[in-house]
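Structural description and commentary
Here is what each chain is made of, one letter per residue.
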Amino acid sequence: MTSGAAALARLCDPGAEVSCHYLVHEDGAVRQLVDEEERAWHAGAGAWGAVGDVNSRSLGIEIVNRGDHPFAAHQMAALIALLGGILSRHSIPPERVIGHSDMAPGRKADPGRRFDWRGLAREGLSVWPGAGAAIEAPAQDLPALFRARARAFGYPDVADAPLLEAFRQRFRPWDHGPLCAADLSAIDDLARRFPVDRPPTRA
């Protein structure tokens, strides 16, 4: 949306059939729109691991940003404080903090390549790939290997192009072009350390 006022108007419009639990405005002000114990309609169709109805299993945060410019420092500071409380209250591990583009590659593009996922990971509120081991494989095998590791991490089963774009938006936003060994190394590290189907005691 073009502004916080426009976003708020849409989120409060019954005809739009979209809502979220929290809205973080341009100046860092946080507005709660739906109680945390209630369901909001922020995600739409998509999946993460075995969870197909993401709306029923998540708390939705919308951040006012057009998607093509950086997120302001005061917005990120407000988000860090908000996320810290949410994760603590609901015992949510950092690997369960995802973007709309993660659960619906190709259909959703937010929060986009300008969002500071690495900064959230430094605060313990998300995850980031380590160096990872170099994976030797013929070029023709890379897509299948990448898909398998992406599914193990949590990404839904979608076509190769939107899957790679969603992954890069979050974890390798500087990169473009065909799938490469660095992409595979990064997703392999994430899948090994944060498999989506780990025992439910941490979910």
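In this text, all values refer to a predicted model and were calculated from it rather than measured experimentally.

We now examine the overall build of the chain. In terms of helices and strands, the chain carries seven helices and three strands. Counting from the amino terminus, the chain carries its helices and strands in the arrangement α-β-β-β-α-α-α-α-α-α. By principal-axis analysis of the C-alpha atoms, the chain measures approximately 50 × 35 × 30 Å. Taken over 203 residues, the chain has a buried fraction of 43%. Accessible area for the chain stands at about 10200 Å²; split by element, carbon and sulfur atoms hold 54% of it. Of note, the chain has its 23 positive side-chain charges centred 3 Å away from the centre of its 26 negative side-chain charges.

Attention now moves to the side chain of aspartate 183. In this fold, aspartate 183 is placed in helix 7 (residues 181–193). By relative accessible area, which is 0% here, aspartate 183 ends up buried. Once residues lying within four places of it in the same chain are set aside, the contact partners of aspartate 183 are Phe146, Leu164, Phe167, Arg168, Arg172, Asp175 and Pro178.

Before going further, it helps to examine the confidence of the model for the chain. Across the chain, pLDDT averages 92, with 96% of residues at or above 70. Looking across the chain, the model is least confident in helix 1 (residues 4–11), with a mean pLDDT of 92, and most confident in helix 6 (residues 160–171), with 98.

A few words now on helix 1. Looking at helix 1, one finds that the buried residues are Gly4, Ala7, Leu8 and Leu11. Down the axis of helix 1, the buried side of the element spans an arc of 100 degrees, and every buried residue falls inside it. On its buried face, helix 1 is in contact with strand 1 (22–24) and strand 2 (30–32).

This part covers the sheet that holds strand 1. Spatially, the three strands line up as an open sheet ordered 2-1-3, and their pairing is mixed. Both outer strands of the open sheet, strand 2 and strand 3 (61–63), are each paired with one neighbouring strand and no more. Put simply, the sheet's adjacent strands are angled 20 degrees from each other on average, direction ignored.

Here the amide bond leading from aspartate 110 into proline 111 is cis, since omega sits at 10 degrees, within 30 degrees of zero. Residue placement: proline 111 occurs in the loop between helix 3 (100–103) and helix 4 (117–122). In the Ramachandran plot, glutamate 17 falls in the positive-phi region, its phi being about 55 degrees despite a non-glycine side chain. Here glutamate 17 is to be found in the loop between helix 1 and strand 1. In the Ramachandran plot, serine 91 falls in the positive-phi region, its phi being about 55 degrees despite a non-glycine side chain. Examined against the element boundaries, serine 91 turns out to sit in the loop between helix 2 (73–90) and helix 3. For serine 91, a relative accessible area of 55% corresponds to the exposed category.

Rules of the game
Residues numbered from 1 in each chain as written. Predicted model: local features only at pLDDT ≥ 70, side-chain atom pairs only at ≥ 80, totals over all residues. Heavy atoms only, no water. Helix = DSSP H or I, 4+ residues; strand = E, 2+ residues; numbered from the N terminus. Buried < 20%, exposed > 50% of the residue type's maximum accessible area, 1.4 Å probe, protein only. Areas by Shrake-Rupley, 256 points an atom, 1.4 Å probe, with all protein chains shown as cover. Lys, Arg positive; Asp, Glu negative; His and termini not counted. Charge placed at Lys NZ, Arg CZ, Asp CG, Glu CD. Contact = heavy atoms within 4.5 Å. pLDDT = per-residue confidence, 0-100. Arc of directions from axis to C-beta. Pairing = 2+ DSSP bridges. Axes fitted to C-alpha atoms, helices over the stretch in contact; angles between N-to-C directions.

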